[in-house]
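Below are the chains, spelled out letter by letter.
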Amino acid sequence: MNLDRSRSLQGTDRLARGIGWLGIGMGLFQLLAPRSVTQSLGVEGSEALVRSCGVRGVVTGIGALTEDPKPALWAKAAGDILDLAALSFLLTDRDHPKQGSVKLAMGMVGASAATTLYCVQAQAQRHVYQGGRTPDYSGRSGFPQGVAKARGAAAGSGSARPAALPSPARSPGPRMQDTSPRHVDTSGYRKGSDFDY
């Protein structure tokens, strides 16, 4: 049987998958073109650090695509916060030649961190019941005074017993004539009757 799981995904599940695919894409870019990243931020010579960030992005992105993305999302949020700290350190140098690019990168990383934190908290609230203790309802009953007292409770309440509904043959009003087609085959058996199965 072919089940389409994408139809049962909730909004936070789709958001987690989007974060995962974005992380994989950004991680691959950092792995394959680290010099482009270092040149745009004015930190030439830090290609190894950029590649390590790319590996982290790919790993956490793959983890965000699993059935339980929370650990990977927490790791991604922590990595984004570390990236923010590193980028803010670059802004302490007032003579840094690429301050505009660094501020733009900080805005993007900050938005990614905020979205990831929102998603992981929503996921945690959604699954809090599944991770907790399941209540025990085995002692509950729909008959708190027992089944024996429940029998005849309506009859013993003092209210008058409702009259039986009249038979359709005795009910007043005009009769509708049966206009359904009836076909008789050569054997004389009436088709279309109530006993025709």
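Because the structure is a prediction, the values reported are computed rather than measured. (Residues numbered from 1 in each chain as written. Predicted model: local features only at pLDDT ≥ 70, side-chain atom pairs only at ≥ 80, totals over all residues. Heavy atoms only, no water.)

Core analysis: the largest hydrophobic core is formed by 8 residues, namely V37, L41, V50, L87, L90, V102, A105 and V109. Residue assignment for this core shows that the elements contributing at least two residues are α2 (34-41), α4 (70-91) and α5 (99-126). In terms of residue count, the dominant contributor to this core is α5 (3 residues). Here A105 is in contact with L41 and L87, once residues within four sequence places are set aside. Core analysis: the second largest hydrophobic core is formed by 6 residues, A16, L73, C119 and V120 among them. (Core = buried A, V, L, I, M, F, W, Y, C linked by side-chain atoms within 4.5 Å. Buried < 20%, exposed > 50% of the residue type's maximum accessible area, 1.4 Å probe, protein only. Helix = DSSP H or I, 4+ residues; strand = E, 2+ residues; numbered from the N terminus. Contact = heavy atoms within 4.5 Å.)

Using the criterion set out here, one finds 3 salt bridges in the structure. For D83, the salt bridge is made with R56, and the minimal N-O distance between the two is 2.6 Å. You can see D83 sitting in helix α4 and its partner R56 sitting in helix α3 (residues 47-64), a full 27 residues away along the chain. Judged by its relative accessible area of 19%, D83 is buried. Taking relative accessible area as the criterion, R56 reaches 27% and is therefore assigned partly exposed. The closest approach of N and O atoms between K76 and D80, which form a salt bridge, is 3.0 Å. Of this pair, K76 and D80 both sit in helix α4, 4 residues apart, which is roughly one turn of the helix. Just as K76 is buried, D80 falls in that class too. (Salt bridge = Lys/Arg side-chain N within 4 Å of Asp/Glu carboxyl O.)

In this fold, L31 is placed in helix α1 (residues 11-32). Taking the C-alpha atoms as reference points, L31 and V50, 19 residues apart in sequence, are found 7.3 Å from one another. Residues in contact with L31, not counting those within four places in the same chain, are R51, G54, V55 and V58.

For the rest of this paragraph, the subject is the confidence of the model for the protein chain. Of the residues in the protein chain, 61% have a pLDDT of 70 or more, and the chain-wide mean is 79. Model confidence for the protein chain, summarised as mean pLDDT per element, is weakest for strand β2 (residues 190-191) at 52 and strongest for α3 at 95. (pLDDT = per-residue confidence, 0-100.)

A separate point is the packing of α1 against α3. Across the interface, α1 lies against α3 with an axial gap of 7 Å and an inter-helix angle of 155 degrees. Of the possible angle classes, the one that applies to α1 and α3 is roughly antiparallel. When the axes of α1 and α3 are compared, the crossing they make is left-handed. Contacts from A16, R17, G20, G23, I24, G27, L28, Q30 and L31 in α1 reach V50, R51, C53, G54, V55, G57, V58, G61, I62 and A64 in α3. In terms of residue class, the contact of α1 with α3 is built from 10 nonpolar, 7 polar and 2 charged. (Axes fitted to C-alpha atoms, helices over the stretch in contact; angles between N-to-C directions. Parallel < 35°, antiparallel > 145°, perpendicular 65-115°, else oblique. Left-handed = near helix turned anticlockwise from the far one by under 90°. Nonpolar A, V, L, I, M, F, W, Y, C, P; charged D, E, K, R; others polar.)

Here we take up the layout of surface pockets. Approximately 1000 Å³ is the volume attributed to the largest pocket. Taken together, 35 residues make up the lining of the largest pocket; nearest its centre are M26, Q30, D83, L87 and V109. For the lining of the largest pocket, the residue count by class is 19 nonpolar, 12 polar and 4 charged. (1 Å grid on protein atoms, 1.4 Å probe; cavity = no way out; pocket = protein on both sides within 12 Å on 5 of 7 lines; lining within 4 Å. Points joined across faces, edges and corners; volume = space filled by probe spheres on them.)

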